[in-house]
Amino acid sequence: MPDSAGRIRTRRGRVPAFAALACALVAPGLTGCAAQPDPGTVTVLNSATDTAEHTANQRFFDRCGKPLGLKVEQISVPADQVASKALRMASSDSLTDILELDGSELPQFAQTEGLRPLDEVGVDTTGLSTSAKSLGSYDGTQYGIARSVNSLALIYNTELLKEAGIAPPTTWKELRVAAKELTSGDTYGMAFSASPNADGVYQFLPFFWSAGGDETKMDNGKGEAALQLWKDLVADGSASRSVVNWNQQDVNDQFVAGRAAMMINGPWQVPVLSAQKKVDWAVASIPVPEAGKPAVPPIGGTVMAVPKNDEDPAREKNAGKVLNCLNSEKNQLQWGASVNNVPTRATAAQAYAKQNPKLAAFAELVTTAHSRTAKVGTGWPAVGDALAGAFQSVLTGRTSPEQALRRAQQQASAGK
């Protein structure tokens, strides 16, 4: 298609449609161009606003940049502002050399042809887990690479389960029984997030997918079992009715306070769990509908991509060199350990599990995890909203699981 149909020309080369839109909506009347950055500097836009994370990132960036004669500079904004910041920077011809996005945001940038396929800038993606490759791919092409990833698991109070003589449940049937027996006084057997947003959807997906649910056809008759499971846990008092309002941090707070014997949560809670002394905890795989079948949780994390720079390809190549260094087995392993996430190179993930046995379940789960956008791409936001509406309507007693997913499919189809 000609440039006039979807892209505009600037000094940086081809700026995709999202940049043109940003220029019109965010910076109307903008005529100037940003100054060209130092050729020896590689710039990165990310969400490392936390001082400790920013410092840790810089340590790895310096480790990789200095041997290459490069300086790496971070521009960090809150996670929910990265995409909009990238649009504004693109509109003023100042987009960074590396763009670090949440994996679910990659498709909206990749579809505009504004990102460079990683193989074209020399980034080595061999040895990455299948799930990690999926997280950084769009339409069969690898545009992003994740240093580490996360997922969800069953985290349980070891003392409460031991006192009750209960082993960590592995199936839904065992989960129902264990949650009921562990419910006593102010303590619920099970806690999860069913909030009407990304937190709730992320926690619903392991149950939905493990049951055979399909985000492209939510009314295929299989995902209803996951809704029924959640409904039953709440209905029999094994889980609080407040789950419809809890985000993932709220769930962790309930667990740490001793008001939940088991919870669904991710490794981002490990710092808080490790710092508290009230609850002894352990991690197990997420229960599945039938014994022997693998759990299918979502894979989460950020991916690093290289925006196109047709008029200065050397900057793209430098970005690729930095990404290769950051994703060496050694650096992935050290980074993963520092943020409690699993490295994406299979060999590094195996080493991580051995070095962090308490979190080994997460390393196992990411091997069967799915990317939220793998099937629906840029249609994921509509699907996520539809799923949230489905479990909210079921848990509040407004609809049946069948009606909820039928309506969800109609909603998602209309939102595409």
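Our subject is the structure listed above.
Thresholds, definitions, all that
- All residue numbers refer to positions counted from 1 along the written sequence of the respective chain.
- Local features are withheld for residues below a pLDDT of 70 in this predicted model, meaning they are given only at 70 or higher, and side-chain atom pairs are given and counted only at 80 or more; totals for whole chains, interfaces and linings count all residues.
- Hydrogen atoms and water are omitted, and side-chain values are computed over all heavy atoms in the structure.
- Two strands qualify as a pair provided that DSSP identifies no fewer than 2 bridges between them.
- Per the convention used, a helix needs a DSSP run of H or I reaching at least four residues, while a strand needs a run of E reaching at least two, with both numbered from the N terminus.
- Handedness of a crossover is defined as follows: orient the strands so they point away from the viewer, and if the path from the first strand over the helix to the second runs clockwise, the crossover is right-handed.
- Any two residues whose heavy atoms approach within 4.5 Å at even a single point are treated as in contact.
- Where helices are involved, their axes are fitted lines through C-alpha atoms of the stretch in contact, as for all axes, and angles between N-to-C directions lie from 0 to 180°.
- Note on terminology: disulfide denotes any pair of cysteine sulfur atoms within 2.5 Å.
- One speaks of a salt bridge when a side-chain nitrogen belonging to Lys or Arg is within 4 Å of a carboxyl oxygen belonging to Asp or Glu.
- When accessible area is computed with a 1.4 Å probe and restricted to protein chains, residues below 20% of their type maximum are described as buried, those above 50% as exposed, and intermediate ones as partly exposed.

Student: I'm lost on the pairing of strand β4 (residues 71-76) in this one. Help?
Tutor: Every regular strand shows the same layout, with side chains that alternate between the two sheet faces. Where strand β3 (residues 41-46) and β4 come together, 6 bridges link them in parallel fashion. Looking at β4, one finds that V42 is bridged to V72. With helix α2 (residues 51-65) bridging β3 and its parallel neighbour β4, the resulting β-α-β unit is right-handed.

Student: Looking at this structure, how should I read the sheet that holds β3?
Tutor: Pairing between sheet strands relies on hydrogen bonds along the backbone, with the strands arranged either parallel or antiparallel. Sheet architecture is open: 5 strands sit in the order β4-β3-β5-β14-β8, paired in mixed fashion. Strands at the two margins of the open sheet, each flanked by one partner only, are β4 and β8 (144-145). The pairing of β8 with strand β14 (residues 302-305) spans 2 bridges and is classified as antiparallel. Bridge pairing in β14 places I145 opposite M304. Its contacts with the sheet put helix α12 (residues 313-326) on β3, β4, β5 (98-102), β8 and β14, and the angle it makes with β3 is roughly 65°.

Student: Even after reading the chapter, I still don't get the state of the cysteines, so can you show me in this structure?
Tutor: In a disulfide, the sulfur atoms of two cysteines are held together by a covalent bond. Enumeration over the complete set of coordinates arrives at 1 disulfide. Here C64 is linked by a disulfide to C325, with a sulfur-sulfur distance of 2.1 Å. The disulfide joining C64 to C325 has a torsion of about -80° about its S-S bond and is therefore left-handed. One end of the pair, C64, is in helix α2; the other, C325, is in helix α12, and 261 residues separate them in sequence.

Student: Mind showing me how you'd approach the pattern of salt bridges here?
Tutor: Once their charged atoms are close, side chains differing in charge can pair, the charge on each being opposite to the other. Inspection of the entire model under this criterion finds 11 salt bridges. Taking the shortest distance from any N to any O, the salt bridge between R116 and E316 comes out at 2.9 Å. Taken together, the positions of R116 in the loop between α4 (106-110) and α5 (130-135) and E316 in helix α12 put the pair 200 residues apart, joining distant regions of the chain. Considered together, R116 and E316 belong to a single accessibility category, that of buried residues.

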